[in-house]
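# Fold and geometry: a report
Residue-level listing of the chains:
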Amino acid sequence: MKRSILSISMAVLLAAASWAQDIVTAEQFFSGVSERYAEISDYEARISIRTQKTTMLGTVWYKAPGLLRIDFTQPADQVICFNGENLVVYVPEYRAVLSQSVSSSGSGGAGLATADGLRTLRRNYTVAYEQSPNPVPLEDGSPEMVVKLLLNRRTVAEGFRTIVLSIRPDTRTIRRISGVTVSNESFTFDFSDIRTNQGIPETRFVYDSPASANVYNNFLFKTEN
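First, a word on what this report is: a plain description of the structure on this page. (Residues numbered from 1 in each chain as written. Predicted model: local features only at pLDDT ≥ 70, side-chain atom pairs only at ≥ 80, totals over all residues. Heavy atoms only, no water.)

This part takes up the pairing of strand 10 (residues 160-167). The buried count for strand 10 comes to six of eight residues, which makes it a mostly enclosed element. Taken together, the six bridges between strand 9 (residues 145-153) and strand 10 define a ladder with antiparallel strand orientation. Directly across from L149, in strand 10, lies its bridge partner L165. Here strand 9 folds back onto strand 10, and the loop between the two strands holds six residues. Where strand 10 meets strand 11 (residues 174-181), seven bridges bridge the pair, whose relative direction is antiparallel. Paired with T162 across the bridge in strand 11 is V180. With antiparallel pairing between neighbouring strands as the criterion, strand 10 and strand 11 make up a hairpin whose turn holds six residues, including R172 at a positive phi of roughly 55 degrees. (Buried < 20%, exposed > 50% of the residue type's maximum accessible area, 1.4 Å probe, protein only. Helix = DSSP H or I, 4+ residues; strand = E, 2+ residues; numbered from the N terminus. Pairing = 2+ DSSP bridges.)

Note on placement: T173 falls in the loop between strand 10 and strand 11. Residues within four places of T173 in sequence aside, it is in contact with R36, Y37, S166, I167, R168 and I194. (Contact = heavy atoms within 4.5 Å.)

What the rule picks out here adds up to four aromatic pairs. With centroids separated by 5.4 Å and ring planes inclined at 35 degrees, the aromatic side chains of Y43 and Y62 adopt a geometry described as tilted. Of this pair, Y43 sits in strand 1 (residues 42-50) while Y62 sits in strand 2 (residues 55-63), and the two are 19 residues apart along the sequence. Each member of the pair, Y43 as well as Y62, is classed as buried. Measuring from ring centre to ring centre gives 6.2 Å for Y90 and Y207, while their planes differ by 35 degrees; the resulting arrangement is tilted. In this pair, Y90 is assigned in strand 5 (residues 86-91) and Y207 in the loop between strand 12 (186-196) and strand 13 (214-217), connecting sequence segments 117 residues apart. For Y207, a relative accessible area of 19% puts it in the buried group. A cation sits over an aromatic face here: R204 above W61, 4.4 Å from the ring centre. (Phe/Tyr/Trp six-rings, centres within 6.5 Å; stacked < 30°, edge-to-face > 60°. Lys NZ or Arg CZ within 6 Å of the ring centre and 35° of its normal.)

With respect to the secondary-structure elements, R50 resides in strand 1. Leave out the neighbours within four places in its chain, and R50 touches T55, R176, S186, F187, T188 and D190. In terms of polar contacts, R50 uses its side chain to reach the side chain of D190, at 2.9 Å. (Polar contact = N/O pair within 3.5 Å; in protein donor to acceptor, adjacent residues only side chain to side chain.)

What follows covers the environment of S99. Positionally, S99 belongs in strand 6 (residues 96-101). Each C-alpha atom, one on S99 and one on N86, is 6.9 Å from the other, the two residues being 13 residues apart in sequence. With residues up to four places along the chain from it excluded, the contact list for S99 reads N86, L87, V88, Y216, N217, N218 and F219. A distance of 2.9 Å separates polar atoms of two side chains, one belonging to S99 and the other to N86.

With that settled, the discussion passes to the pattern of salt bridges. The tally for this structure, following the rule as stated, stands at 11 salt bridges. A salt bridge links R36 to E39, with the nearest nitrogen and oxygen atoms 3.9 Å apart. Ionic pairing is found between D116 and R119, a salt bridge with its closest N-O pair at 2.1 Å. Pair noted here: D116 and R119 are both in helix 3 (residues 115-124), with a separation of three residues, about one helical turn. D116 sits in the partly exposed class, given a relative accessible area of 34%. (Salt bridge = Lys/Arg side-chain N within 4 Å of Asp/Glu carboxyl O.)

Strand 1 sits mainly inside the fold: seven of its nine residues count as buried. As paired strands, strand 1 and strand 2 are joined by nine bridges and run antiparallel to one another. From the neighbouring strand, Y43 faces strand 2, where its bridge partner is Y62. Following strand 1, the chain reverses through four residues before pairing antiparallel with strand 2. Across seven bridges, strand 1 lies against strand 12 in antiparallel orientation. Residue pairing across strands places R50 opposite T188, the latter belonging to strand 12.

Pasting the structure below:
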């Protein structure tokens, strides 16, 4: 009897040890996503940006290490373009070009779906599984399965209090970024039809604004001389 109990106990311990070795922690999974994006030299995708009041649709292009452009179909003809030094936003409704010299991309959540963006998140947020390591539906009723990571800010300096990253488990690419700001506003960035390493030229990130548009420089803040 004692031998049987000992054998059963050993079997349980071995099974538990084997199971524990198969568990991938949230930090490890996030590292895998970061490594995947470090391999991406450029990508093109359809993008949807949703808030409580608006929905924006368009195409996003990214080229490492920090070039980004979004051409919107909703609102039609609106553009956000960052060439590594200058952020340009064209708002066709007002025939206005907003230009700002910045040291890093000011493209918000879209800029988080990059190797640099993920490194920033890792420094400034804690990472955990939202529910479990197992894939779950992207949303209620969706057949699309993702792994969801919950990020909580480490300091009050961050604009988003919490962020949920929905990751495709097969490709380790970001399907959705959902964030809640300090003012309790919700933003959701969806990425679909992602095509990576297409050899996107740098000229894609040169934006020629309409000649009739009014240009407003340093609309975010004044640059230092």
